[in-house]
Amino acid sequence: MLLVHPVHEVLRQVPLLIGAVVLGSATGNAMWSIAVLVLMVGFGVARWFTTTYRIDAEQIQRREGVLQRSVLSVPRNRIRSVSTDARVLHRILGLTVVKVSTGQEAKGDAVFALDAVRSDEVPALRALLIADSLPDSIEAGDGISPPERVLARWQPSWLRYSPLSFTGLATIAAAVGVIYQTGAVAALEDSPLTQQGLDAAERLGVAATVGVAVLAVLLLGVLLSVVRSLLTFGNLVLSRRDEKGAGVLHLQHGLLRVREHTYDMRRLRGGTIRQPLLVRAFGGARLDAVMTGVVGSGEASLLLPPCPAATAEAVLTELIGQPDAVTGELRHHGPAATRRRWTRALALPALFAVGLGVAAVVAAVPPWAWVLCGVVIAAGAFLAADRSRALGHRVGNGWLVARSGSLDRRRDCLAAEGIIGWTARQTLFQRRAGVATLIAATPAGVKGYRVLDVPAELAWSVAAAASPWVADSDWAREPAHS
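About the criteria used
Each chain carries its own residue numbering, running from 1 in the direction its sequence is written. It should be noted that, the model being predicted, local features are given only for residues of pLDDT at least 70 and side-chain atom pairs only at 80 or more, the latter also being counted only at that level, while totals for whole chains, interfaces and linings use all residues. No hydrogens and no water enter the side-chain calculation; it runs on all heavy atoms of the structure. To qualify as a helix, a DSSP run of H or I must reach at least 4 residues; to qualify as a strand, a run of E must reach at least 2; elements of each kind are numbered from the N terminus. Working definition: with a 1.4 Å probe on protein chains only, accessible area under 20% of the residue-type maximum means buried, over 50% means exposed, and in between means partly exposed. For this analysis, residues touch if any pair of their heavy atoms sits within 4.5 Å. Only the protein chains shown count as cover for residues, and the accessible areas themselves come from Shrake-Rupley with a 1.4 Å probe. The working definition used for a salt bridge is a side-chain nitrogen of Lys or Arg within 4 Å of a carboxyl oxygen of Asp or Glu. Between N-to-C directions, angles span 0 to 180 degrees; the directions come from axes that are lines fitted to C-alpha atoms, helices contributing only their stretch in contact. Throughout, the term roughly parallel applies to angles under 35 degrees, roughly antiparallel to angles over 145, roughly perpendicular to angles from 65 to 115, and oblique to all others. Note on residue categories: nonpolar means Ala, Val, Leu, Ile, Met, Phe, Trp, Tyr, Cys or Pro, charged means Asp, Glu, Lys or Arg, and polar means any other residue, Gly included. The criterion for strand pairing is that DSSP finds at least two bridges linking the strands in question. Grid points spaced at 1 Å over the protein atoms alone were grouped into cavities, where a 1.4 Å probe fits but cannot get out, and pockets, open sets with protein on both sides within 12 Å along at least five of seven lines, with lining residues defined by an atom within 4 Å of a point. Grid points are joined across faces, edges and corners, and a volume is the space filled by probe spheres set on the points. For this analysis, a nonpolar core means a set of buried residues of the types Ala, Val, Leu, Ile, Met, Phe, Trp, Tyr and Cys, connected via side-chain atoms within 4.5 Å. One fewer than the residue count of a helix, multiplied by 1.5 Å, yields its expected span. By the criterion applied in these results, polar contacts are pairs of N or O atoms within 3.5 Å in which, for protein atoms, one can donate a hydrogen and the other can accept it, and in which residues neighboring in sequence qualify only through two side-chain atoms.

Colleague: Teacher, can you tell me more about the overall build of the protein here?
Modeller: Within the protein one finds 17 helices and 19 strands. The buried share of the protein, reckoned over its 482 residues, is 39%. Of the contacts formed within the protein by residues at least 6 apart in sequence, a portion of 55% connects residues at least 24 apart. Of the roughly 25900 Å² of accessible surface on the protein, a fraction of 63% belongs to carbon and sulfur atoms.

The structure is reproduced here in structure tokens:
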């Protein structure tokens, strides 16, 4: 345990260590580097000795600090999820970082994290933290827990969806930016390697050089995407354990860096099936949890990475017990909503075509410009048709379902009992079209789930069908308000 904190302290203060090395080289005295390194290691050891935590029936508390003591307390009944993180060094030493989330965004020292907990103590500690009160079996030292039921397990075939997210290209762009900022590009401009590359480009020609460069970037992007997905989600296991009339959802994933997340099923308010265009084209989907106390975007809410859509739908059906909400037919929003999608998708391509027509009267327009215009119009028409097909909603059996989008299609399945408020909004163009956007407010997930372009005369009736208490409001008897 003593090894983790000094190593982390050295890694956190790398800029200071580099400055010490530079200072030592400039003065010819290497003791500067040694002194700074000793101070860092000593500070890390002192942090370990001065950090303690305690758990009782009311709260969990962490005390730490070397020069300045701090105490962080979290009420037990505010705990929404427990996650663990074991990097390579932690795994070698048999240790784990345990993090507690209360649903509020916390950064830095405000995050309740217990570093360097022995891995064999984590299951009992997780059971204590996720429960509202101390379990009798844990207090008695029984340690017996109900068996877990595996809902999904990572498959190597899921890697085929990795390149479709463009994370590899984003990684390449970030790396290029870092290299450029460090000044390495300027140093390589006059290097023999750069000169050899320029000579080869001149021999191949501009078109061939650009083609080879694009192909190389795409192949590298695919490789990086696959490797990242493998390291991040390899060995993923999503399981459920029912206990005390409720249940616990447990997610574990990662090869080198193993992460685990434990959620209280009583906080679950539904799920979101997300299908980016390319992932959907290959029959894939991603599953996010809609849960109070869990941020509804990014990896915090992720239950399944891009995987076969049937797998995501089966897991969500198992979690919420409503097959109709997950795969049932939706009610379309009518011709006005369809016209809005076509108008918005083809407005810019139409302006582009008109601009080319005007330019053709004055001067000659190259053929490639007309080809580009045709491609833009065809893409706009495809997006309009796809978005029109996707738009719809469903209310029934205590659930609200809303689907929309094309480039990033999402189907939100939200428990009506988790909705705490409704908003109906109309822009100027929506009022002219006679439609409105309903927003269901909830403390779970992204906090607000939208039902786009509902016919204005039906907007509040949809809200009343999901939340009976809305039916008693005067707003439910009137058209949607802006």
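Colleague: I tried to follow the pattern of salt bridges on my own but got confused; where do I start?
Modeller: Pairing of side chains with opposite charge becomes possible as their charged atoms draw close. Counted by the stated rule, this structure contains 16 salt bridges. A salt bridge links Asp386 to Arg280, with the nearest nitrogen and oxygen atoms 3.0 Å apart. Of this pair, Asp386 sits in helix α15 (residues 367–390) while Arg280 sits in helix α11 (residues 277–281), and the two are 106 residues apart along the sequence. Here the two residues Asp386 and Arg280 agree in accessibility, since each one is buried. Of the charged contacts, one joins Asp324 and Arg394 as a salt bridge, the two residues approaching to 3.9 Å between their closest N and O atoms. Taken together, the residues Asp324 in helix α13 (residues 323–327) and Arg394 in strand β14 (residues 392–396) connect sequence positions 70 residues apart.

Colleague: Hey, could you run me through the packing of helix α14 (residues 335–362) against α15 in this one?
Modeller: Each pair of packed helices can be summarised by the angle the axes make with each other and by the distance between the axes. It is the contact of α14 with α15, at a shortest axis distance of 8 Å, that shows an interaxial angle of 170°. By the angle between their directions, the pair α14 and α15 is classed as roughly antiparallel. Along its contact with α14, which presents Thr338, Arg341, Trp342, Arg344, Ala345, Leu346, Pro349, Phe352, Ala353, Leu356, Gly357 and Ala360, the element α15 presents Ala369, Trp370, Leu372, Cys373, Val376, Ile377, Gly380, Ala381, Ala384, Ala385, Arg387 and Ser388. When grouped by side-chain class, the residues that make up the contact of α14 with α15 number 17 nonpolar, 4 polar and 3 charged.

Colleague: Is there a simple way to explain the sheet that holds strand β2 (residues 59–64) in this structure?
Modeller: Strand pairing within a sheet occurs via backbone hydrogen bonds; the two strands may be parallel or antiparallel. Judged by pairing direction, the sheet is antiparallel, and its 3 strands sit side by side in the order β1-β2-β3 without closing on themselves. The open sheet has two free edges, formed respectively by β1 (52–55) and β3 (70–75), since each of these has just one partner strand. Neighbour to neighbour, the strand axes of the sheet diverge by 10° on average, direction disregarded. Relative to β2, β1 runs antiparallel, the two being bridged by 4 bridges. For Ile55, the partnering residue across the bridge sits in β2 and is Ile60.

Colleague: Before we go on, may I ask you to explain the sheet that holds strand β15 (residues 399–404) in this structure?
Modeller: Ordered by their spatial adjacency, 6 strands build an open sheet running β13-β12-β11-β16-β15-β14, and the pairing between neighbours is antiparallel. Of all the strands in the sheet, just β13 (302–308) and β14 have a single pairing partner and so form its edges. Going across the sheet, the axis of each strand differs from the next one's by a mean of 15°, ignoring polarity. Bridge count for β14 against β15 is 5 bridges, and the pairing is antiparallel.

Colleague: Is there a simple way to think about empty space enclosed by the protein in this case?
Modeller: Any empty space left between the atoms is revealed when a probe the size of a water molecule rolls over them. Counted under the stated rule, the structure contains 2 cavities of 30 Å³ or more. Considering only enclosed or pocket space, the largest cavity measures out at about 50 Å³ in volume. In terms of lining residues, the largest cavity is bounded by Gln322, Asp324, Ala325, Arg394, Val395, Gly396, Asn397, Trp399 and Val401. Every element with two or more residues in the lining of the largest cavity is listed here: α13, β14 and β15. For the lining of the largest cavity, the leading source of residues is β14, giving 3 residues.

Colleague: I keep staring at the nonpolar core and nothing clicks. Help me out?
Modeller: The tendency in soluble globular proteins is for nonpolar side chains to be buried as a group. Core analysis: the biggest nonpolar cluster contains 36 residues, and Leu238, Leu304 and Leu319 have the highest contact counts within it. No other element matches the 6 residues that helix α12 (residues 309–320) contributes to this core. Leu319 has contacts with Leu151, Arg240, Leu249, Met265, Leu268 and Leu303, leaving out every residue within four places of it along the chain. In this structure, Tyr449, Val451, Ala464 and Val470 belong to the second largest nonpolar core, which totals 22 residues.

Colleague: I keep staring at the environment of Thr327 and nothing clicks. Help me out?
Modeller: Note on placement: Thr327 falls in helix α13. Owing to a relative accessible area of 48%, Thr327 belongs among the partly exposed residues under this scheme. For Thr327 and Ala314, which are 13 residues apart along the polypeptide, the C-alpha to C-alpha distance reads 9.5 Å. Thr327 has contacts with Glu313 and Arg411, leaving out every residue within four places of it along the chain.

Colleague: Sorry, what's going on with α14 here?
Modeller: Count 3.6 residues to each turn of an α-helix, and residues three or four apart come out pointing the same way. In this model, α14 (28 residues) spans 39 Å end to end at C-alpha, consistent with the 40 Å of a helix rising 1.5 Å per residue. Looking at α14, one finds that the buried residues are Ala336, Ala337, Arg340, Arg341, Ala345, Pro349 and Leu356. Elements in contact with the buried residues of α14: α15, α16 (428–433), β18 (435–441) and β19 (448–455).

Colleague: Hey, could you run me through the side chain of Thr232 in this one?
Modeller: For Thr232, the location among the structural elements is in helix α10 (residues 206–233). Note on Thr232: relative accessible area 19%, which makes it buried. A polar contact is formed between the side chain of Thr232 and the backbone oxygen of Arg228, at a distance of 2.8 Å. Setting aside chain neighbours within four positions, we find Thr232 in contact with His253, Gly254 and Glu299.

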